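# Coordinates in review
Spelled out, the chains give:
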Amino acid sequence: MSTTGQASKPGSLFRNRLYQTILISNVLLQIGIWVRNFAILMFVTDQTNQDPLAISLIYVVEFAPIFVFSFIGGAFADRWLPKRTIIWCDFLSALSVFGVLLTLMYGSWEAVYLATFVSAILSQFSQPSVMKLFKQHVHPDQLQQGMALFQSLVAIFMVAGPVLGIFAYHQFGIYNSIAVMGVAFLLSALVMFRLPPDEKPEHKQVRTTNIRQELADGFRYVWRSKVLKVLGATFAIAGFAVGTIQTLGLFIVTERLGQPKEFLQFLMMVNGVAMFIGGIVIMMLTKKFAPQLLLAFGITVSAVCIVGMGLSTSIPLTLILQFINGLTFPCIQIGINTMILQNTEQSYVGRVNGVLSPMFTGMMVIMMSLAGPLKKTFPLVEIYTVSGIVMLMGALILIPIFKHKPAPIAMSTDAEACS
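Quick caveat: nothing in here was measured; it's all calculated off a predicted structure.

## Considering the overall build of the protein
When you go through the protein residue by residue, the secondary structure sums to 13 helices and zero strands. The buried share of the protein, taken over its 419 residues, is 55%. In the protein, of all internal contacts separated by at least 6 residues, the share reaching a separation of at least 24 is 90%. When the accessible area of the protein is evaluated, it comes to approximately 18,000 Å², of which 68% is carbon and sulfur surface.

This is how it looks when you write it as structure tokens:
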């Protein structure tokens, strides 16, 4: 790989064609995902009379495929052409959603779980490819700024998404809500055709390794990096804490605050507004703080807010804690993604992502599957308190790498093609 001399220069991020295209595609994906998340949540809640096991199963089928397929998806992302991979994954996601819609109309309501399950599998092949394109075509000095912009987009949908999903379900029903999800995935695939063709090597290299060897190489690459090892441990701890409370937000609303289940959207909206503000602030201050410091700060604040929300029976206090948590949450996402990209060679981005992501999602899936039984055994206060303490441990693990500075990693000279 060559130097960064021809890469997309600072100040030209919004003129980067690849970045523009991925932003548009991500908007469409966010529409589909949030309609799916809340329409299906409301539908299952109504169908099962708020059964904790049925509600927690929604999250299990969403995140379990991430744990199982992330290793494989990351390795294949390093092998396959990224643009083609993303388009096919989005198209197949749309196709599977329309298949689920037909099954739901003429079969059992449990088919809604399948829509989440299939799209979660396919995302494990497309997401590493997006990261790979980002690594290729965005200047290293703009990685953290780019991640901040993406996080701001997510924050906007944290505000609009719950309203959109609940509105779609109550106004148009589950059938039309799932149809919207399928159309959004299909449009996302079509938008990705705006990207220039994938760069193909002039002389096709003959692979001397199989997929199993390449997976092993990915593990060895992470193990040799002090930063990536610490990040992996932080991932696992954070996954334990987040997974424990992920499915219990509905019960904070109904039991601790005494509100109807629809009030959950207001908590999400407050969190989303704060995330948007936090993302903008971090984007402005992006060069003043190392990503590991951002990550540790975000995790620490999140730990305190988790405990506070478990203890609170006051609507204003819970909303304030949600706001503070949302304000600092971009620190976690931006810190994680920036650290992965800064400390990983381009040819290993997919595999490193495939190794680290399951450490988070694996623990999260385990705890989400246990959340229902835990809820029936322990009070919410105890569950949230333990989760907050565990989350804090994730920040403490980062202390040894606070002063670490990444070595320069070369990037492709074809970045200018997307500018």
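## Describing the packing of helix α4 (residues 112–137) against helix α11 (residues 315–342)
Running from N to C, α4 and α11 point in directions that differ by 65 degrees, and their axes come no closer than 11 Å. For the pair α4 and α11, the crossing hand works out as right-handed. Where α4 approaches α11, its residues M131, F134 and K135 are matched on the opposing element by N337, I340 and L341.

## Some points on a nonpolar patch on the surface
A grouping of I156, V273, F276, I277, V281, M284, L285, F289, I320, F323, I324 and L327 is seen on the molecular surface, where their side chains present a nonpolar patch of about 970 Å² in accessible area. Mapped onto the nonpolar patch, the elements with two or more residues apiece are α9 (264–284) and α11. If you tally residues by element for the nonpolar patch, the top one is α9, at five residues. Mapped onto the fold, I156 is located in helix α5 (residues 143–191).

## Notes on helix α8 (residues 249–256)
Every buried residue of α8 is listed here: L250, F251, I252 and V253. Directly beyond the C-terminal end of α8, a positive phi value near 65 degrees is found at G258.

## Some details on the environment of I397
Structurally, I397 is set in the segment after α13 (380–396). With 163 residues separating them in the primary sequence, I397 and T234 have C-alpha atoms 6.6 Å apart. The contact partners of I397, leaving out residues within four places of it in the chain, are V230, A233, T234 and I237.

## What about the pattern of salt bridges?
Side-chain pairing between opposite charges can occur once the charged atoms of the two side chains come close. Here the structure, examined in full by the defined rule, presents two salt bridges. Residues R220 and D217 are paired through a salt bridge, measuring 2.4 Å at the closest nitrogen-oxygen approach. Placement of the pair is R220 and D217 together in helix α6 (residues 211–224), with a separation of three residues, close to one helical turn. A residue is classified by how much of its surface remains accessible, and D217, at 22% relative accessible area, is partly exposed. Ionic pairing is found between E255 and K375, a salt bridge with its closest N-O pair at 2.8 Å. In this pair, E255 sits in helix α8 while K375 sits in helix α12 (residues 349–377), placing the two residues 120 residues apart along the sequence. The exposure class of E255 is partly exposed, given its relative accessible area of 46%.

## Here's the deal with the side chain of S119
With respect to the element layout, S119 can be found in helix α4. Excluding its chain neighbours within four sequence positions, the residues that come into contact with S119 are R36, S93, M181 and F185.

## Focus: the packing of aromatic side chains
Using the criterion set out here, one finds seven aromatic pairs in the structure. A centroid spacing of 5.8 Å and a plane angle of 80 degrees characterise the contact between F167 and F172, whose relative ring orientation is edge-to-face. In this structure, K229 packs its charged tip against the face of W223, placed 4.6 Å from the ring centre. Its end group placed over the ring of F251, K375 keeps NZ or CZ at 5.0 Å from the ring centre.

## Some points on helix α1 (residues 17–48)
In an α-helix, one turn spans 3.6 residues; hence positions three or four apart end up facing the same way. If you check α1, its first and last C-alpha atoms are 46 Å apart, about what 32 residues at 1.5 Å a residue would give, namely 46 Å. Where burial is concerned, most of α1 is hidden: 23 out of the 32 residues are buried. Residue N49 follows α1 closely and has a positive phi angle near 60 degrees.

## Some thoughts on the environment of A160
Within the element layout of this structure, A160 appears in helix α5. Taking relative accessible area as the criterion, A160 reaches 37% and is therefore assigned partly exposed. Put simply, A160 and M269 are 109 residues apart on the chain and 7.0 Å apart in space, counted from C-alpha to C-alpha.

## Comments concerning the packing of α6 against helix α7 (residues 226–246)
Where α6 meets α7, the closest approach of the two axes is 5 Å, and the angle between their N-to-C directions is 100 degrees. Put simply, α6 runs roughly perpendicular to α7. Facing α6, whose interface residues are Y221, V222, W223 and R224, α7 presents K226, L228 and K229.

## A look at the confidence of the model for the protein
In this model, the protein carries a mean pLDDT of 79, and residues with pLDDT of at least 70 account for 88%. The least confident element of the protein is helix α2 (residues 52–79), whose mean pLDDT is 76; the most confident is α13, at 92. A low-confidence stretch, residues 1–8 stays under pLDDT 50, and its non-local contacts, those more than four residues away or across chains, total 22 contacts. Within the model, pLDDT remains below 50 along residues 409–419, and this stretch shows 42 contacts once partners closer than five positions in the same chain are excluded.

Rules used in this analysis
Residues numbered from 1 in each chain as written. Predicted model: local features only at pLDDT ≥ 70, side-chain atom pairs only at ≥ 80, totals over all residues. Heavy atoms only, no water. Helix = DSSP H or I, 4+ residues; strand = E, 2+ residues; numbered from the N terminus. Buried < 20%, exposed > 50% of the residue type's maximum accessible area, 1.4 Å probe, protein only. Contact = heavy atoms within 4.5 Å. Areas by Shrake-Rupley, 256 points an atom, 1.4 Å probe, with all protein chains shown as cover. Axes fitted to C-alpha atoms, helices over the stretch in contact; angles between N-to-C directions. Left-handed = near helix turned anticlockwise from the far one by under 90°. Patch = residues over 30% accessible without salt bridge, like charges linked within 9 Å, V, L, I, M, F, W, Y side chains within 5 Å. Salt bridge = Lys/Arg side-chain N within 4 Å of Asp/Glu carboxyl O. Phe/Tyr/Trp six-rings, centres within 6.5 Å; stacked < 30°, edge-to-face > 60°. Lys NZ or Arg CZ within 6 Å of the ring centre and 35° of its normal. Expected span 1.5 Å × (residues − 1). Parallel < 35°, antiparallel > 145°, perpendicular 65-115°, else oblique. pLDDT = per-residue confidence, 0-100.

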